[in-house]
Amino acid sequence: ADKDFLLAIDGVRATYKHAITALHGVSLTVGHGEIVALLGANGAGKTTTLKGISNLLPAERGQITAGSIKFDGSDVSAISPADLVRSGLVQVLEGRHCFRSLTVEENLITGGIGRSAKRAEIADDLENIYAYFPRLKEKRRTLSGLTSGGEQQMTAIGRALMSRPRLLVLDEPSMGLAPLIVQDIFKTLRRLNRETGLAILVAEQNSTVALKYADRATILENGVAVLSGAADELRDNEDIKNFYLGQK
Ligand code: ATP
């Protein structure tokens, strides 16, 4: 049943104020230890889906009008965004959102605040994150505002990891970054997934890179989940590339 999936989205409709319907019945699942990509063009409804997952739609004057979203078997609409983080559902929002006037390490430490981590735990978690992101160790004393876009994205991911997620949700981590940095970030996400069992849901317009690293994917078009399948099958299907993903 629902417990078989870490995340189960079933038939979700979502509207914003003024009756703009952003999602018209979206279903998708993330299993334990899986990487799932949510693909689609600008405005397809990826961010709305992710906000729904973290129960952040009310803050945007939006609401889910049908269907359900369950994390680890519990309906997220009954749980505050902060409690969802504490229960292991952690999101890296679009646009990175580092504290520019804090150092990289201070930014990371803010990620441990929600679970009232002890000093020794924080030190351990920092070392662990630096092992996955050596760049962050090099830059740990640098103000985040002075680091590159790629380093800021890594910092935002590292900060999310400080909350010890079971499901990490990322909104367009590739946005505005050079292709090599994007590959580097996705490789690190896959290493984290394979080595720690961390489940990942990643929304991306860059379907090429997302399908390279994901296990499964769902394609959203105008608020409808039009296609779901194994990432390698979607990757190799020319029609899908042409019709839905707009790849060259
Ligand atoms: P992006 O690549 O821009 O993140 P997306 O696939 O994430 O695109 P959404 O941001 O979820 O798409 O937008 C889906 C639809 O909902 C769009 O028509 C958008 O205009 C609308 N929408 C998004 N946020 C709001 C809001 N706060 N109020 C009203 N309408 C919104």
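Our subject is the structure listed above.
As the structure is a computational prediction, the values presented were derived from the model and not from experiment. (Residues numbered from 1 in each chain as written. Predicted model: local features only at pLDDT ≥ 70, side-chain atom pairs only at ≥ 80, totals over all residues. Heavy atoms only, no water.)

Caption draft 1: Looking closely at the packing of helix H6 (residues 149-161) against helix H7 (residues 179-196). Following both chains from N to C, one finds H6 and H7 inclined at 15 degrees, their axes separated by 10 Å at the closest point. One element, H6, and the other, H7, form an angle in the roughly parallel class. Seen along the crossing, H6 lies across H7 with a hand that is right-handed. Residue-level contacts link Gly150, Gln153, Met154, Ile157 and Leu161 of H6 to Ile181, Asp184, Ile185, Leu189 and Leu192 of H7. Among the residues making up the contact of H6 with H7, the classes are represented as seven nonpolar, two polar and one charged. (Axes fitted to C-alpha atoms, helices over the stretch in contact; angles between N-to-C directions. Helix = DSSP H or I, 4+ residues; strand = E, 2+ residues; numbered from the N terminus. Parallel < 35°, antiparallel > 145°, perpendicular 65-115°, else oblique. Left-handed = near helix turned anticlockwise from the far one by under 90°. Contact = heavy atoms within 4.5 Å. Nonpolar A, V, L, I, M, F, W, Y, C, P; charged D, E, K, R; others polar.)

Caption draft 2: How the structure looks around unusual backbone geometry. Positive phi outside glycine occurs at Arg61, with the angle close to 60 degrees. Along the polypeptide, Arg61 turns up in the loop between helix H1 (46-53) and strand E4 (62-71). Residue classification places Arg61 among the exposed residues on the basis of a relative accessible area of 55%. At Glu172, a position not held by glycine, the phi torsion is positive, near 50 degrees. Assignment of secondary structure puts Glu172 in the loop between strand E7 (167-171) and H7. (Buried < 20%, exposed > 50% of the residue type's maximum accessible area, 1.4 Å probe, protein only.)

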